[in-house]
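# Secondary and tertiary structure notes
Single-letter residue listing:
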Amino acid sequence: MTGTLIGVGVGPGDPELVTLKAHRIIQGAKVIAYPSTEEGESFAREIVADYVPSGVVEIPIKIPMVAERYPSQVIYNEAYTCINHHLSFDQNVIVICQGDPFFFGSFMYLFSKFVNKVPIEVIPGITSLTACSAVSLRPLCARSDTVTVIPGNLNDNELEQALKGEGAFAIMKVGRHLDRLKSILERLGLFNRSTYISHATLANQVVAPLSKAPEIAPYFSMILIPSEDKYVTY
């Protein structure tokens, strides 16, 4: 017998945007895991803090904030061992993940280690992409429009090639790449169509034309470029 590994998306940040199913599963959890900083801080855990039952076993997955892949893989290997121990005693393990587990979600790293070995369930969550579109009041696409999601850490050539397509664009992981992204978007004639959003759905959210974006962008920031600009005029 083995327990089930359950990846649970908890949405973009507002606790009221946690789905009813995610809320029910978290409240019934016996073992819960979540990504955290080396200091133990976890945004995903903070979102559902009021929903986590007392007495639950908690497994913080402390991930070094570095660009290199190796340290994080070591941490996930250690997390695999710890989580697998609980699963082997027929205990379900809930892994909470900001946003959606399969949309740039940290749960995918654990999924790749457990898939085809134990029962797995994935509970989708509201993504940062749809949350940013909602708080900015800018529809991304309609009818036969397309949406291209682009990580901001791509090199200049890769970014320019991705942005030369048709439809809407969403640039994620803006952070320290903001100045470089501004230059590329201006060069491609997309600057004035672009909206900057950070900390969507939270009390400190920022929504502004890209021209009025702050000089320093936090990790939780995004640039949206709708396929049609007729909906909003700044």
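A short tour of the structure in this document, coming up. (Residues numbered from 1 in each chain as written. Predicted model: local features only at pLDDT ≥ 70, side-chain atom pairs only at ≥ 80, totals over all residues. Heavy atoms only, no water.)

## Digging into the sheet that holds strand β8 (residues 195-198)
The test is simple: Pairing between two strands requires that DSSP report at least two bridges joining them. Secondary structure elements are taken from DSSP: a helix is a run of H or I of four residues or more, a strand is a run of E of two residues or more, and numbering for both begins at the N terminus. Angles here are taken between N-to-C directions and fall from 0 to 180 degrees, while the axes themselves are lines fitted to C-alpha atoms, restricted in helices to the stretch in contact. Throughout, a contact is declared for two residues whenever any of their heavy atoms are within 4.5 Å.
In space, the five strands of this open sheet follow the order β6-β7-β10-β8-β9, with mixed pairing throughout. Of all the strands in the sheet, just β6 (147-151) and β9 (206-209) have a single pairing partner and so form its edges. Taken over all neighbouring pairs, the strand axes of this sheet differ in orientation by 20 degrees on average, direction set aside. Sheet analysis places β8 next to β9, joined by four bridges and oriented antiparallel. Paired with I197 across the strands is V207, a residue of β9. Lying on the sheet, helix α5 (residues 128-135) is in contact with β6, β7 (168-172), β8, β9 and β10 (221-225); it crosses β10 at an angle near 65 degrees. Together, β7, β8 and β10 form the strand contacts of helix α7 (residues 178-187), whose direction differs from that of β10 by roughly 10 degrees.

## Remarks on the packing of aromatic side chains
Cut-off, in case you're wondering: Two rings from Phe, Tyr or Trp (for Trp, the six-membered ring) form a pair when their centres are within 6.5 Å of each other. A pair whose planes differ by under 30 degrees is stacked, one over 60 is edge-to-face, and the rest are tilted. Exposure is judged per residue with a 1.4 Å probe applied to protein chains only, and the accessible area is read against the type maximum: over 50% gives exposed, under 20% gives buried, and values in between give partly exposed.
The full count for this structure, using the stated rule, is eight aromatic pairs. Measuring from ring centre to ring centre gives 5.1 Å for F102 and F111, while their planes differ by 75 degrees; the resulting arrangement is edge-to-face. Between Y219 and F220, the aromatic rings sit 5.4 Å apart at their centres with planes inclined by 80 degrees, giving edge-to-face as the arrangement. Residue Y219 is classed as exposed on the basis of its relative accessible area, which comes to 56%. An aromatic cluster is defined as three or more aromatic residues linked by ring pairs; in this entry it consists of F43, Y219 and F220.

## Focus on the pattern of salt bridges
Here is the rule we go by: A carboxyl oxygen of Asp or Glu within 4 Å of a side-chain nitrogen of Lys or Arg is what we treat as a salt bridge.
Counted by the stated rule, this structure contains four salt bridges. The shortest N-O distance in the salt bridge between E58 and R45 comes to 3.0 Å. Of the two residues, E58 is situated in strand β3 (residues 57-62) and R45 in helix α2 (residues 43-47); the sequence distance between them amounts to 13 residues. Accessibility expressed as a relative area gives 32% for E58, which makes it partly exposed.

## Digging into the environment of N77
Among the structural elements, N77 can be located in helix α3 (residues 70-88). In this structure, the C-alpha to C-alpha distance between N77 and I63, residues 14 residues apart in sequence, is 11 Å.

## With respect to helix α6 (residues 156-163)
Rules: Relevant arc is that of directions from the helix axis to the C-beta atoms, nothing else. Whenever two N or O atoms come within 3.5 Å, that pair is a polar contact, provided that in protein one can donate a hydrogen and the other can accept it, and provided that, for residues adjacent in sequence, both atoms are side-chain atoms.
Residues L159, E160 and L163 constitute the buried set of α6. Taken around the axis of α6, the buried residues stretch over an arc of 95 degrees, which confines them to a single face. If you follow the buried residues of α6, they end up packed against β6, β7, α7 and β10. If you check the start of α6, you find a side-chain oxygen 3.1 Å away from the backbone N of N157, and it comes from N155.

These figures capture arrangement, not role.
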